[in-house]
Amino acid sequence: MAPQQFGAGRAVFDDRRIGMALAAPAALFVALAFILPVAVLLSGGFQGVDGWTLARFAEFAEEPLYREVFWRTVKLGALVTLTSAVLGYATALAIVDAGPTWKGRWSGLVMLPLMISPVARTYAWIVLLGRTGFVNQVITGLGLSAEPLRLLFTETAVFIGLVQLFLPLMVLSLVSALENLPADVVPAARVLGARWPTVFFRVLLPLSREGLVIGGTLVFTGSVTAYITPAVLGGSKVLMLETLLYQRVSVASDFASASVIALILIVMSVVTHALLKRASSARKR
Amino acid sequence: MNGMRAAGALALGAVLLFLLGPFVVIALAGLSAGETLAFPPQGLSLRWVIAVFGMENFRASFWLSLQLGIGSTLLALLLGVPAAYGLARYKVPGREAIRTVLIAPLIVPGIIVGLALLRHAVIPLDLGVTWALTLAHTVLVVPYAVRVVTASLDNLRTDVEEAAVMLGATRLQSFFRIVLPNIRSGIIAAFILGFVTSFNQVPVSLFLTGPGITTLPIDMLTSMEFVYDPSIAALSALMALLSIAIVAVAERALGLSRYV
């Protein structure tokens, strides 16, 4: 779903003060209840014994566990995004190809999981991947393994959970991008003798690139800043940045690390959102 | 072409199975007649669905989540609707900057918002748990309120308001009699979106819940570690049904997807 360029309406009335008075309560509220506390929290990452310092960041980078968690988070984010892109294109192309009524229905079905709490969505994987879960029942039943496999609390489990969580975002973004292509582009390429891989890589992909970027940034940000899925499916064995943050605060009251992690998360989120804005406003050209 | 069609259909089917299958699993597991969480379930029964309604802790957290959702969304609308109107219709200096501020909570991961509020607002001001949660959830919902109502206002032709003002109506009259009725579905859509967001929210509330006072999703999360019966599955299925029903009704009645 592409973010619309909102606020494009024409300002009608000249009286600035009324406008400011109307917007003031909300702006003040967000400033005091959000910007201020978050800024103070982030500043904690720069504070040392005698004032401003980057020592906290250095300490964080030196700790092997934190480095491992950081790279795991980035790695899983990238893998989930790549997988979503591949599956997303396959699904989006099939949806766009369907007739007008079915396109809406398939899209609705893909969008359905987004309405449901991530807690419910993630819990299903516990039922499926546990020691006595369905997957293990099939595996031991078919004799593929003598013992039930440990599937939960692995990176694979978190990976699967994250793909299931964010794939709809990618699919919808790609459907939106592919829908806007002129209808004769693909037939024209085929008539000119292009085979399917060529059609995809040299025609469809470049033309739907913005949808891919939008979907990709949504999926990447979501995966990297996820909490519930890593918490439920990864536990303390497979920590990601947010579950690490929670652990550092609730177990060790380690607010310095918390501030550092918070800063890393915000930077990642802001950068990807800035890219998102670039990509969606580029579309307007 | 038929080969590609078939491959595409297969891909679509597989992906939909992957995305929606887990709900079927959860629903069936919640409808189990047995004592332990299992899929396939050992027989079907409504016993756990009914039992969940009787569980005191889940009832309490459901009630809190409900009140929190309604309260924070109403507050967010109270703040956001005037702000959206003021920024859309008046030449306010720094319009874009103010808009960015109002949307900012969307970009920051919820867990950071919760922690920041805990350390630098709740503890210093000695706020109670319910107030803390309300504050955090309102912060979370304001961006949705502002965004959706702004989209609504953008779609409303301004000449109707201008005409009203020219014909002698005060701005207040023009707002309540012309603008509000026309953006009503936008406001309702914002309410539903905000409510669902708040109700399902976990990260923001993580640091702000207190002993005995917790939201439903967090209650479910903590219970997962030591509950091995189908009650959480039944509850998940119920929550999923509720969310789907709300959004389906909203889509039918208002065309929710227009505002998102």
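See the structure shown above.
Owing to the predicted nature of the structure, the values given are computational and were not obtained by experimental measurement. Per chain, residues are indexed from 1 in the order of the written sequence. Each chain is given a letter, starting from A, and each ligand a number, starting from 1, according to the order in which they appear as written. Given that the model is predicted, a residue must reach a pLDDT of at least 70 before its local features are reported, and side-chain atom pairs must reach 80 or more before they are shown or counted; all residues, however, enter totals for whole chains, interfaces and linings.

### Observations regarding the overall build of chain A
Then, in step 1: Looking only at helices and strands, chain A has 13 helices and two strands in total.
Then, in step 2: The principal-axis extents of the C-alpha atoms in chain A amount to approximately 75 × 70 × 30 Å.
Then, in step 3: Residues with at least 20 neighbouring C-beta atoms inside 10 Å of their own are called buried, those with 12 or fewer are called exposed, and the rest are partly exposed, where every C-beta is derived from the backbone. Burial analysis of chain A (285 residues in total) assigns 44% to the buried set.
Then, in step 4: Any residue pair is listed as a contact if its two C-beta atoms, each placed from the backbone, are within 7 Å. Counted over contacts in chain A with a minimum sequence separation of 6, partners at least 24 positions apart contribute 73%. Secondary structure is summarised from DSSP: a helix means a run of H or I of at least four residues, a strand means a run of E of at least two, and numbering begins at the N terminus for each.

### Brief notes about the interface of chain B and chain A
Then, in step 1: Each partner contributes to the interface: chain B provides 79 residues, whereas chain A provides 76 residues.
Then, in step 2: Take the side of chain B that touches chain A: its biggest share by element is 15 residues, from helix 1 (residues 2–30) of chain B.
Then, in step 3: The residue inventory of the side of chain B that touches chain A, partitioned by class, reads 62 nonpolar, nine polar and eight charged. The residue classification treats Ala, Val, Leu, Ile, Met, Phe, Trp, Tyr, Cys and Pro as nonpolar and Asp, Glu, Lys and Arg as charged. All others, Gly included, are polar.

### Let's talk about helix 5 (residues 118–129) of chain A
Residues and elements named next belong to chain A.
Then, in step 1: Expected span of a helix: the number of residues minus one, times 1.5 Å. With 12 residues, helix 5 should reach 16 Å at 1.5 Å per residue; the first-to-last C-alpha distance of 17 Å fits that figure.
Then, in step 2: With 12 of 12 residues buried, helix 5 is to be regarded as a mostly interior element.
Then, in step 3: Looking at helix 5, one finds that the buried residues are Pro118, Val119, Ala120, Arg121, Thr122, Tyr123, Ala124, Trp125, Ile126, Val127, Leu128 and Leu129.

### Observations concerning the environment of B:Ala60
Then, in step 1: Checked against the element boundaries, B:Ala60 lands in helix 3 (residues 56–89).
Then, in step 2: Along the primary structure B:Ala60 and B:Gly212 are separated by 152 residues, whereas in three dimensions their C-alpha atoms are 8.8 Å apart.

### What to know about the packing of helix 3 of chain B against helix 6 (residues 129–155) of chain B
The relative placement of two packed helices is expressed as an angle between their axes plus a distance between the axes.
All names here are of chain B.
Then, in step 1: In this analysis, axes come from line fits to C-alpha atoms, helices being fitted only over the stretch in contact, and the angle between any two N-to-C directions falls in the range 0 to 180 degrees. Helix 6 packs onto helix 3 with a crossing angle of 40° between their chain directions and a minimal axis gap of 6 Å. In terms of orientation, helix 3 lies oblique with respect to helix 6. Crossing of helix 3 against helix 6: the hand is right-handed.
Then, in step 2: Of the residues assigned to the contact of helix 3 with helix 6, the class counts are 17 nonpolar, eight polar and one charged. In these notes the angle categories are as follows: under 35 degrees is roughly parallel, over 145 is roughly antiparallel, 65 to 115 is roughly perpendicular, and the rest is oblique. In this scheme the handedness of a crossing depends on how the near helix is turned from the far one: anticlockwise by less than a right angle means left-handed, clockwise means right-handed.

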